[in-house]
Amino acid sequence: MTMSRQGVQPTEVIDRAAKLRFRWNGKRFSGFEGDTIASALAASGEQIFSRSMKYHRPRGILTADYWDPNLMVQVGDDPNVRAGHRLLESGMDVRSQNAWPSLNRDIKAANSLLGRFLTPGFYYKTFMRPRWLWPTYERVLATFAPGGKIDLDTSHAYHDKRYTHPDVVVAGAGPAGIEAALAASSAGASVMLVSHEHSVGGHLRYSSDAADQAALVELRTALDASDVEVLTDSTVTGRYEDNWLGIVQRNHPIAVERLIKARAKTLVAAPGLIERPYVFEGNDRPGVITSGAARRLVNLWGVKPGERAVVFSANAEGDAAVADLERVGTEIAAVIDGRTGGHISSTRGSSRAVDAVVADGASIDADLLVVAAGWTAPTSLLNMAGDRPVYDPAAARFFPSDPPSNVLATGGLAGDADLDGLRQHGAATGRLAAARAAAVRHRLQARTARALPVEGDEPAWAPDERAPLGRDPHPELYRADTHGMVDMSEDISSKDLVAAAHEGYDSVELAKRYTTATMGPSQGKLETVNTVAAIAEARGETISEVGTTVWRPPYAPLTLGALAGRMFEPVRVSSIHPWHEANNVSVIQAGQWLRPDHYGDPAAEVRNVRRNVGLIDVTPLGKLDLRGPDVPKLLSLLYVNKWMRLGIGRVRYGMMCAEDGVVLDDGVTGRLGEDHYMMSTTSSGAGGVWEWVENWLQTERPDWQVHVTPVTTAYASINVAGPKSRELMGRVCEGVDLDAEAFPYMTVRQATVAGVAGCFMWRIGFTGELSFELHVPAGHGLHVWEALMDAGSDLGVAPFGLEGQRIMRLEKGHFIVGQDTDGLTLGPSTGLGSLIKLDKDDFAGKPELAWAADRSLPMVVAIQPDDPGVVPQEAAQIVRGDTNEILGRITSSRYSPTLNRSICLGQVEPDLAAGGTKVTVLLESGERIGATVIDHHAHFDPAGERLRG
Amino acid sequence: MLLVPCPNCGPRNSTDLRYGGESHARPDPNTASPSEWRAYLYLRDNPAGWLRENWYCASGCRRWFSIERNTATNEFRDPPLPGDKRGGAA
């Protein structure tokens, strides 16, 4: 078979004036604008495009479109490009895949000699034992893995996302799909028409029939004049609940790919039909092509597929291919008519080309075999909508059965008719889709309290009064009297499938997974029904009895880039952040927040806080403004401790547990006024606690009068900590007496700080030092921070970050919810069991905490390694002696610059919780070290004299 | 993706809401037996059919509401009941 470019075809899509140069495996080639990579190579006489996955057999064109399994190539750093679909561009560096050292001389082709060993399940059976050899197996097998090369240095290309809410989405732009789009649009619907191909028209594009071409022009003209949004080179990849559609657009002018998430009110599935390859001996030999491939090559790109052809035709499209081939000068050696009992058995020739075709018992010399054996209905979108298509043996394909009423099928998927019949059915489908979309639109609008009022009643759900399409009879042609390739992507033959069935994998779903048939890049579009037919044959049953696999998303493979898309993840920073950035900050990501971790030397920051005074930006700390007469009742319900008698200006620590008694959050809440409280939560718990509060107020206690406002980011929060903090605060505060008697530990005051009124100041802190926690209206955060830095320069004021704070809180033994507790840590395990007031009438988690009070529970304890220089890793296990029996774990560990030793918090079994208990910690290295539980959480200043100061 | 009919905001993508699970009443914490309380915490009817469940309109009005959904077909039954989350009126 030698393909070659012929004279101008009236239907061709190439611009012969625009020559494009490119490279194929390093050699220079050229093609025209409008060529696909494959058509340009075919026009230049290339026959071999790839080597097959398992046996490395030479492979040529099969379908010459997106689904062609043999045309996967590497373009630059882009692997697995579909050369049958991707348009040629000037300068492309195209290379073959799966061939080493070269396409023409592939060493791994030895696999085909060993073919009898590569039976289904070969890998499962062979490389199972001995297990210890698996790493070696894996290394060797990896060199045989199919596919292109991934370049880890590839720059991140821009991928985009779009959200849209069209009334009607039409998937497929053949004549029926276009008519559906036009009719829906005329009926007033907003319509998106999505074409998998580079231009609309479906099979009309490569029909040389004059009437077809006239219709194509007419449809395209109408589309241009309509309001329909047309997306070409785009695929509806999935249909999800309530017509939520994923659409990947590959020809976006700026983005490499754009993922469109469309909420369609009705979906019209009009994907047309996909020509099914036929199974016979030698059916994967280069030179065997589908009738669609022949017609596309001739009519779209002016390429003559071969010199002398046998055409096996079982339908009108096969017959049309005969005419197309003759027009470009291919000699027709024979037409074997599959409708009247004609049959083909095999091809003969080298592994690289067809020399002869055995048909009706005779060998016919030919370099090309064109096969028109039938159609596969790509029912994927219907499957995804829950439909179970039904097989019709008379028409030899599946048809929709009962899709949901907001998903409508038209075109070849729905049945057969002449062009006018298909167009009429498409138009009727479009009208129905628009009518149903109008009803959905009305309902959605009526349900939206704040939307524009809707007029009138919801339109009745339009009945389906479309005249159904017919079903043309078609012979059931799946396999000839010989065996051949069923899945060319995965190199699975009909013999393999029969063997799998005999091994017991005789359900399609099992056989598919066992053999991997239909699981390659063609996504089963070419292989599924042949696979089902092979299993049916092995079982001696019909295709209807065997049933088919369920087609799941995606309709066509899509890149991870398209799925990842553009990042919408917001980053949060405090209003003080510019100062941090200007001062050598090292940031840490905490949820969405970027926070100062340290400013160079966290140990020095700790020493400075203990000696002088430090500032930390704690803006992400959760803050809820609570107002109303019932706030104390709410606090009593959500915290385990008591809140009914908190005085104005007082602050209290509280622990929250969930209904299962597990620690949920902790923090301090202060009373700012008669009916006004401020609750603080952990930074990571800010969102969750807000929802928790709303949940209780809205659902359990809707009669309580409490108004909740999240004010986390309304305030910038600064903790001023250290023995000199009072002196520093005195220099910037007005209107408040900072004396220890007047403003003692665990109280809150309002103040004007650095000229900013409306600041709250709490005498609390996490570091164990005398400290003032300032909440400043957010816009003034940077100003107040700078004022504090200026005012304290002679006091040695310096910033400290999260790391310093973590060291200091660990020195003080304060646990962090989620770090030192986990999803099983009940309230009493924190060591703060005395906070839990079981005599309250009700609070979240009360029954579990009551029952837990009688049990001995794992405890959070402070632990010091005997060797003060060893800092065990967080999550290091605490074990019994030399055994691996786990008795607990280290939950936090740091080296304390204050105590000059390593310090830890951990969770241990109850019998290890007493002070003085010796434990063994298993380090990551495997080494075991001794450590001692100490009898209080605080490694430093256990009496708390410093913070009360 | 499910469209969930929030009584305030109208139909919204389910990712805009937080699923609150099956509605059921909270037992009296002072009299509940361990088995009653743990049934409340962990046991769900999980029917194939109509189920009263709770949703929180986290990205919209931030209201909890209760609504019936058919778990087999994902139809919602009108109207959602604001605030009524733990059963009660059905």
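Calculation criteria
Residues numbered from 1 in each chain as written. Chains lettered and ligands numbered in written order. Predicted model: local features only at pLDDT ≥ 70, side-chain atom pairs only at ≥ 80, totals over all residues. Helix = DSSP H or I, 4+ residues; strand = E, 2+ residues; numbered from the N terminus. Buried ≥ 20, exposed ≤ 12 C-beta atoms within 10 Å, placed from the backbone. Contact = placed C-beta atoms within 7 Å. Domains from an automatic or database assignment. Nonpolar A, V, L, I, M, F, W, Y, C, P; charged D, E, K, R; others polar. Pairing = 2+ DSSP bridges. Axes fitted to C-alpha atoms, helices over the stretch in contact; angles between N-to-C directions. Parallel < 35°, antiparallel > 145°, perpendicular 65-115°, else oblique. Left-handed = near helix turned anticlockwise from the far one by under 90°. Core = buried A, V, L, I, M, F, W, Y, C linked by C-beta atoms within 7 Å. pLDDT = per-residue confidence, 0-100. Expected span 1.5 Å × (residues − 1). Arc of directions from axis to C-beta.

Caption draft 1: Representation of the overall build of chain A within the structure. For chain A, the count of helices and strands is 24 helices and 51 strands. Principal-axis analysis of the C-alpha atoms places the extent of chain A at approximately 110 × 75 × 55 Å. In chain A, buried positions account for 51% of the 949 residues. For chain A, long-range pairs separated by at least 24 residues make up 67% of all intrachain contacts whose partners lie at least 6 apart in sequence.

Caption draft 2: Spatial organisation of the overall build of chain B. Scanning chain B for helices and strands turns up 1 helix and 6 strands. Starting at the N terminus and ending at the C terminus, chain B contains elements arranged as β-β-β-α-β-β-β. Long-range contacts, defined as pairs at least 24 residues apart, comprise 52% of the intrachain contacts of chain B with a sequence gap of at least 6.

Caption draft 3: Fine view of the domain arrangement of chain A. All names here are of chain A. Annotation of chain A at the domain level lists domain 1 (4–107 + 277–372), domain 2 (159–273 + 380–447), domain 3 (478–562), domain 4 (577–809) and domain 5 (851–943). On a C-alpha basis, the centroid separation for the pair domain 1 and domain 2 is 29 Å. Listed per partner, the contact involves 9 residues of domain 1 and 7 residues of domain 2. Split by residue class, the side of domain 1 that touches domain 2 holds 4 nonpolar, 2 polar and 3 charged.

Caption draft 4: Structural view of the environment of A:Pro620. Tracing the sequence through the fold places A:Pro620 in the loop between strand E34 (614–617) and strand E35 (622–627). Excluding residues that lie within four positions of it along the chain, A:Pro620 makes contacts with A:Ala590, A:Trp593, A:Arg595 and A:Ser683.

Caption draft 5: Inspection of the sheet that holds strand E23 (residues 354–359) of chain A at higher detail. Residues and elements named next belong to chain A. Taken together, the 3 strands give an open sheet; going across it, the order is E22-E23-E24, and neighbouring strands pair in antiparallel fashion. Unpaired on one side and paired on the other, strand E22 (344–349) and strand E24 (362–365) mark the two borders of the sheet. Across this sheet, the average inter-strand angle for adjacent strands is 25°, counted without regard to direction. For E23 and E24, the ladder comprises 4 bridges, and the chain directions are antiparallel. Each bridged residue has a counterpart across the sheet, and for Val 357 the counterpart in E24 is Ile 364.

Caption draft 6: Representation of the packing of helix H17 (residues 602–611) of chain A against helix H22 (residues 802–811) of chain A in the model. Residues and elements named next belong to chain A. Interaxial distance between H17 and H22 falls to 8 Å at its minimum, and their mutual angle equals 60°. The pairing of H17 with H22 is recorded here as oblique in orientation. Read as a crossing pair, H17 and H22 show a hand that is right-handed. Between H17, through Pro 602, Glu 605, Val 606 and Val 609, and H22, the contact on the second element is made entirely by Glu 803, Gly 804, Ile 807 and Met 808.

Caption draft 7: Quick peek at the sheet that holds strand E15 (residues 257–263) of chain A. Residue and element names in this part refer to chain A. Strands sit in the order E9-E15-E14-E13 across an open sheet of 4 strands; the sheet is mixed. Because the sheet does not close on itself, it has two edges, and the strands there are strand E9 (159–164) and strand E13 (234–240). Taken pair by pair, the neighbouring strands of this sheet meet at an average axis angle of 20°, ignoring direction. Where strand E14 (residues 244–249) meets E15, 6 bridges bridge the pair, whose relative direction is antiparallel. Paired with Leu 245 across the two strands is Ala 262, which belongs to E15.

Caption draft 8: Molecular detail of the interface of chain B and chain A. Opposite the 25 residues of chain B that make contact, chain A presents 22 residues. When residues of the side of chain B that touches chain A are assigned to their parent elements, the largest contribution, 3 residues, is made by helix H1 (residues 34–42) of chain B. Tallied by class, residues from the side of chain B that touches chain A come to 15 nonpolar, 4 polar and 6 charged.

Caption draft 9: Inspection of the pairing of strand E7 (residues 78–82) of chain A at higher detail. Residue and element names in this part refer to chain A. With 3 bridges joining them, strand E6 (residues 72–75) and E7 adopt antiparallel strand pairing. Directly across from Val 75, in E7, lies its bridge partner Asp 78. Linking two consecutive strands that pair antiparallel, namely E6 and E7, is a turn of 2 residues; a positive phi of about 60° is found at Gly 76 within it.

Caption draft 10: Quick peek at the nonpolar core. Residues and elements named next belong to chain A. Within the largest apolar cluster, 156 residues are counted, with the highest numbers of intra-cluster contacts made by Val 168, Val 170 and Leu 193. For this core, the element with the most residues is helix H10 (residues 419–447), which contributes 8 residues. Not counting residues within four places of it along the chain, the set of residues in contact with Val 170 comprises Gly 177, Ala 180, Ala 181, Val 191, Leu 193, Val 194, Val 268 and Ala 270. Counting 90 residues, the second largest nonpolar core, distinct from the first, contains Val 618, Leu 626, Val 817 and Val 860.

Caption draft 11: Local environment of the environment of B:Arg62. Of note, B:Arg62 is situated in the loop between strand E4 (50–56) and strand E5 (64–70). Along the primary structure B:Arg62 and B:Ala25 are separated by 37 residues, whereas in three dimensions their C-alpha atoms are 21 Å apart. Aside from chain neighbours lying at most four places away, what touches B:Arg62 is A:Glu694 and B:Cys57.

Caption draft 12: Quick peek at the confidence of the model for chain B. Residues and elements named next belong to chain B. Confidence in the prediction for chain B averages 85 pLDDT; 86% of positions are at 70 or higher. For chain B, strand E6 (residues 76–82) is the element with the lowest average pLDDT, namely 66, and H1 is the one with the highest, namely 96. Counted against residues more than four places away or in other chains, residues 84–90, with its pLDDT under 50, gives 20 contacts. We note a pTM of 0.86 for the whole complex and an ipTM of 0.90 for its interfaces.

Caption draft 13: Representation of helix H8 (residues 316–327) of chain A in the model. All names here are of chain A. Taking 1.5 Å of rise per residue, the 12 residues of H8 would be expected to cover 16 Å, and the 17 Å separating its terminal C-alpha atoms lies within 8% of that figure. Among the residues making up H8, those that are buried are Glu 317, Gly 318, Ala 320, Ala 321, Asp 324 and Leu 325. Each buried residue of H8 lies within a common arc of 155° when the element is viewed along its axis, so the set occupies one face. Turning to H8, the residues buried within the fold contact helix H7 (291–301), strand E20 (308–313), strand E21 (331–337) and strand E25 (368–372).

Caption draft 14: Region of the structure containing unusual backbone geometry. All names here are of chain A. With omega at 0°, the peptide bond leading from Pro 553 into Pro 554 counts as cis. The phi dihedral of Ala 396 is positive, around 60°, even though this residue is not glycine. In this structure Ala 396 comes out as buried when scored by C-beta crowding, with 25 C-beta atoms within 10 Å. Phi is positive for Met 746, which is not a glycine, with a value near 65°. As for its position among the elements, Met 746 is in the loop between strand E41 (733–734) and strand E42 (748–753). Exposure remark for Met 746: the 15 C-beta atoms within 10 Å place this residue in the partly exposed category.

Caption draft 15: Layout of the packing of H7(A) against H8(A). Residues and elements named next belong to chain A. Running from N to C, H7 and H8 point in directions that differ by 35°, and their axes come no closer than 9 Å. Crossing angle aside, the handedness with which H7 passes H8 is left-handed. Along the contact surface, H7 presents Ser 291, Ala 294, Arg 295, Val 298 and Asn 299, while H8 presents Glu 317, Gly 318, Ala 320, Ala 321, Asp 324 and Leu 325. Partitioning the contact of H7 with H8 into residue classes produces 5 nonpolar, 3 polar and 3 charged.

Caption draft 16: Region of interest: the environment of A:Tyr163. Looking at the secondary structure, you find A:Tyr163 in strand E9. It is 26 Å that separates the C-alpha atoms of A:Tyr163 and A:Gly272, two residues lying 109 residues apart in sequence.

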